[in-house]
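# Structure at a glance
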Amino acid sequence: MSLATLSDVLQPALRGHYAVAGLVTLGWEDMRAFVAAAEAEGCPVILQAGPSCRAHTPLPVLGKMFRHLAEAASVPVVAHLDHGYTAQECREALDSGFTSLMYDGSRAPLAQNIDETAAIVEMAHAAGISCEGEIGFVGYAQGESSAGTDPQEAAKFAAQTGVDAMAISVGNVHLQQDKEGGLDEARIRAIEALANVPLVIHGGSGVPVAQRTALATGSNVCKYNIGTELRMAFGNAMRDAVNSDPSRFDRVTILKDTHDPMVAAARTVLSAMGHGQKEA
């Protein structure tokens, strides 16, 4: 059984100077491919159930799917709730077998975010699992803009909540389809100087790959959330599968053709996390 908590995989990453990918799942086909990719790369992986995934599949079902894959895997697999917005949602994920909760109070005032996140941390730790929090709202491409994380506020947040990982806003945005942006490394250095906690970059698809690796191996950034580029890879693979034989109608047959392309796309993501360099 290779089911792991977030701390189980991020603390070694923090010490060993590499990062772990939080791969955003939408269904059985991609989560199965992500675990196969992690096994091929010999590295841990975090399977993430975000809001759109939960809207499609109930948390108790997702928990069983994640745990089934983890228990048969040869590498550590984390069952992670991404962007839990309420205590009730976080409790349901915990009861559904998730090993990591991410509570997102980043839109709230600092004091409220600290209080609410600390309560989720307490609940998670009492159950022997991990909790990630967010300080400094991370916005969306063509949507809400990001509010950069204040280093002093980040230090206070980390100290007063006891989070196992801290998502920060340092130039990253969700749903970015290109890699023309980049992260504010000076802000990252200021944050890590004040808070010795694994740092998380949401919207990792928009971060240039070279910068991902450089920060993974040379900073406290220990987790990148990657969703958009893998969703794009799945869409391309599905389109190819459908168009390759217009007479096919069985979705199991069609979806089977997405597996190898998704494993390849996920391996590309995982190979840039610095884990192999750490092992070399």
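Scroll up a little and you will see the structure.
This write-up is about the structure you can find in this document. A quick note: this is a predicted structure, and the numbers were derived from the prediction, not measured.

For helix H1 (residues 6-16), the complete set of buried residues consists of Leu6, Val9, Leu10, Ala13, Leu14 and Gly16. One or two steps after H1, the chain reaches His17, where phi turns positive at roughly 60 degrees.

The computed volume of the second largest pocket comes to approximately 230 Å³. Contributing to the lining of the second largest pocket are 14 residues, with Leu26, Gly27, Glu29, Asp30 and Phe234 lying nearest its centre. Counting only elements with at least two residues in the lining of the second largest pocket, the list comes to helix H2 (28-41) and helix H10 (228-244). A total of four residues in the lining of the second largest pocket trace back to one element, the largest contributor, which is H2. Of the residues contributing to the lining of the second largest pocket, the split by class is eight nonpolar, three polar and three charged.

Next up on the list: the pairing of strand E2 (residues 20-25). Across the six residues that make up E2, a large majority, six, are buried. Across the two faces of E2 the burial is the same, with Val20, Gly22 and Val24 and Ala21, Leu23 and Thr25 all buried. Sheet topology places E2 next to strand E9 (residues 221-226); four bridges connect them, and they run parallel. Across the sheet, the residue bridging to Val20 is Lys223, located in E9.

The next thing to look at is the pattern of salt bridges. Counted under the stated rule, the structure contains eight salt bridges. Across the salt bridge formed by Glu41 and Arg267, the nearest N and O atoms sit 2.7 Å from each other. With Glu41 in helix H2 and Arg267 in helix H12 (residues 259-270), this residue pair connects regions lying 226 residues apart in the sequence. Its salt-bridge partner being Glu132, residue Lys223 comes within 2.9 Å of it at the nearest N-O pair. Placement of Lys223 in strand E9 and of Glu132 in strand E6 (residues 130-135) is noted, with a sequence separation of 91 residues between them.

This model, assessed by the stated rule, comprises one aromatic pair. Centroid distance Phe66 to Phe98: 5.6 Å. Interplanar angle 65 degrees. Geometry classified as edge-to-face. Here Phe66, found in helix H4 (residues 59-72), pairs with Phe98, found in the loop between helix H5 (87-95) and strand E5 (100-103); they are 32 residues apart in sequence, far enough to count as distant. Like Phe98, Phe66 is buried.

Time to look at the packing of H10 against H12. Two quantities define a packed helix pair, namely the angle between the axes and the distance from one axis to the other. Two elements in contact, H10 and H12, have axes whose closest approach is 9 Å; the angle formed by their N-to-C orientations is 160 degrees. By the angle between their directions, the pair H10 and H12 is classed as roughly antiparallel. For the pair H10 and H12, the sense of crossing is right-handed. Counted together, Glu229, Leu230, Ala233, Phe234 and Ala237 of H10 and Pro261, Met262, Ala265, Ala266 and Val269 of H12 form the full contact between these two elements. Along the lines of polarity and charge, the residues of the contact of H10 with H12 split into nine nonpolar, no polar and one charged.

Attention now goes to the side chain of Asn220. Residue placement: Asn220 occurs in the loop between helix H9 (209-218) and E9. Classification of Asn220 by relative accessible area gives buried; the value is 15%. Discounting chain neighbours no more than four positions away, the residues touching Asn220 are Leu14, Glu192, Ala195, Asn196, Val197, Pro198 and Leu199.

Turning our attention to the nonpolar core. Grouped burial of nonpolar side chains is what soluble globular proteins tend to show. Membership of the largest hydrophobic core comes to 69 residues, with the highest contact counts inside it found for Leu23, Phe98, Leu101, Met166, Ile168 and Tyr224. In this view, Phe98 contacts Ala49, Leu59, Leu62, Gly63, Phe66, Ala79, His80, Leu81, Ala93 and Ile129; residues no more than four positions away in its chain are not counted.

The subject of this paragraph is unusual backbone geometry. Unusually for a residue other than glycine, His17 sits at a positive phi of about 60 degrees. Looking at where His17 falls in the secondary structure, it is placed in the loop between H1 and E2. Residue classification places His17 among the partly exposed residues on the basis of a relative accessible area of 44%.

A rise of 1.5 Å per residue sets the reference length of H2, with its 14 residues, at 20 Å; its end C-alpha atoms lie 20 Å apart and thus fit the reference within 8%. Along H2, the positions that sit buried rather than exposed are Asp30, Met31, Ala33, Phe34, Val35, Ala37 and Ala38. Of the residues flanking the end of H2, it is Gly42, one or two places downstream, whose phi is positive at about 70 degrees.

Thresholds applied
- Residues numbered from 1 in each chain as written.
- Predicted model: local features only at pLDDT ≥ 70, side-chain atom pairs only at ≥ 80, totals over all residues.
- Heavy atoms only, no water.
- Buried < 20%, exposed > 50% of the residue type's maximum accessible area, 1.4 Å probe, protein only.
- Helix = DSSP H or I, 4+ residues; strand = E, 2+ residues; numbered from the N terminus.
- 1 Å grid on protein atoms, 1.4 Å probe; cavity = no way out; pocket = protein on both sides within 12 Å on 5 of 7 lines; lining within 4 Å.
- Points joined across faces, edges and corners; volume = space filled by probe spheres on them.
- Nonpolar A, V, L, I, M, F, W, Y, C, P; charged D, E, K, R; others polar.
- Pairing = 2+ DSSP bridges.
- Salt bridge = Lys/Arg side-chain N within 4 Å of Asp/Glu carboxyl O.
- Phe/Tyr/Trp six-rings, centres within 6.5 Å; stacked < 30°, edge-to-face > 60°.
- Axes fitted to C-alpha atoms, helices over the stretch in contact; angles between N-to-C directions.
- Parallel < 35°, antiparallel > 145°, perpendicular 65-115°, else oblique.
- Left-handed = near helix turned anticlockwise from the far one by under 90°.
- Contact = heavy atoms within 4.5 Å.
- Core = buried A, V, L, I, M, F, W, Y, C linked by side-chain atoms within 4.5 Å.
- Expected span 1.5 Å × (residues − 1).

As far as function goes, none of this settles anything; it's purely spatial.
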